[in-house]
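# Geometric and topological summary
Now for the letters of each chain:
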Amino acid sequence: MRGSVGFICLALALAIPTSAFSSEIETESITVDIRGRAFIPNRVLLRHNQGIVLRFRNLDTELHSVVVKDLFFNADLNVGGNGAQEFGPEGLKRVIVPPDGLIEFRLTPARTGTFSYLCDMPGHDMKAVIVVE
Ligand SMILES: [Cu+2]
């Protein structure tokens, strides 16, 4: 019996095409698509003090960036995926997402509020918000 439970767990783990295993399987996730120089949706809602996986998928054929300094300040944060992270004196400054790229922020928002973020690539007018309640 114990063996078959183990097998089912292994089968489930193999069926999940991300790097999320064991303890992180139950973490909620939200995916923001970047398409046509826009963040879709342009508003996401996170829960205060509740762990979340926030993903950004770049569906365009050009580089984009995600600049979210205010939200990440004081947050418990892990960054994954194939983006290029850039750091400043206050920590993570932005992450550049390649075409067809995916970045993943595992965080626990420590502050409530409305946090705007943007893509700061030249000529891109891309803004959106993350609301923490
Ligand atoms: Cu952009």
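This write-up is about the structure you can find in this document. Note that the coordinates shown come from a computational prediction; the quantities given were computed from them, not determined experimentally.

This brings us to the environment of His 124. Along the chain, the position of His 124 falls in the loop between β10 (113–119) and β11 (126–132). Filtering out sequence-adjacent residues up to four positions away, His 124 remains in contact with Arg 37, Glu 62, Leu 63, His 64 and Cys 119.

On to the coordination of the copper ion. Distances from the copper ion to its protein donors, His 64 (ND1), Cys 119 (SG), His 124 (ND1) and Met 126 (SD), fall within 2.0 to 2.5 Å. If you look at the copper ion, its four donor atoms make angles of 96 to 131° with each other, and the shape they trace is tetrahedral. Along the chain, the residues donating to the copper ion are arranged with the sequence spacing H-x54-C-x4-H-x1-M. A residue pair is termed long-range when its members are at least 10 positions apart, and His 64 in strand β5 (residues 64–66) and His 124 in the loop between β10 and β11 qualify at 60 residues. Residue His 64 is classed as buried on the basis of its relative accessible area, which comes to 0%. Since its relative accessible area comes to 12%, His 124 is described here as buried.

A few words now on the pattern of salt bridges. Applying the stated criterion across every chain, the model contains eight salt bridges. For Asp 33, the salt bridge goes to Arg 35, with nearest N and O atoms at 3.6 Å. Residue Asp 33 is classed as buried on the basis of its relative accessible area, which comes to 12%. Residue Arg 35 is classed as partly exposed on the basis of its relative accessible area, which comes to 44%. Put simply, Arg 94 and Glu 86 hold a salt bridge, and the shortest N to O gap is 2.8 Å. With a relative accessible area of 16%, Arg 94 lands in the buried category. We classify Glu 86 as partly exposed; its relative accessible area is 26%. Put simply, Asp 33, Arg 35 and Arg 57 are held in one network by salt bridges that share partners.

Calculation rules
- Residues numbered from 1 in each chain as written.
- Predicted model: local features only at pLDDT ≥ 70, side-chain atom pairs only at ≥ 80, totals over all residues.
- Heavy atoms only, no water.
- Helix = DSSP H or I, 4+ residues; strand = E, 2+ residues; numbered from the N terminus.
- Contact = heavy atoms within 4.5 Å.
- Donors = N, O, S within 2.8 Å, 3.2 Å for Na, K, Ca; no water.
- Tetrahedral: all angles 85-135°; square planar, octahedral: opposite > 155°, others 65-115°.
- Buried < 20%, exposed > 50% of the residue type's maximum accessible area, 1.4 Å probe, protein only.
- Salt bridge = Lys/Arg side-chain N within 4 Å of Asp/Glu carboxyl O.

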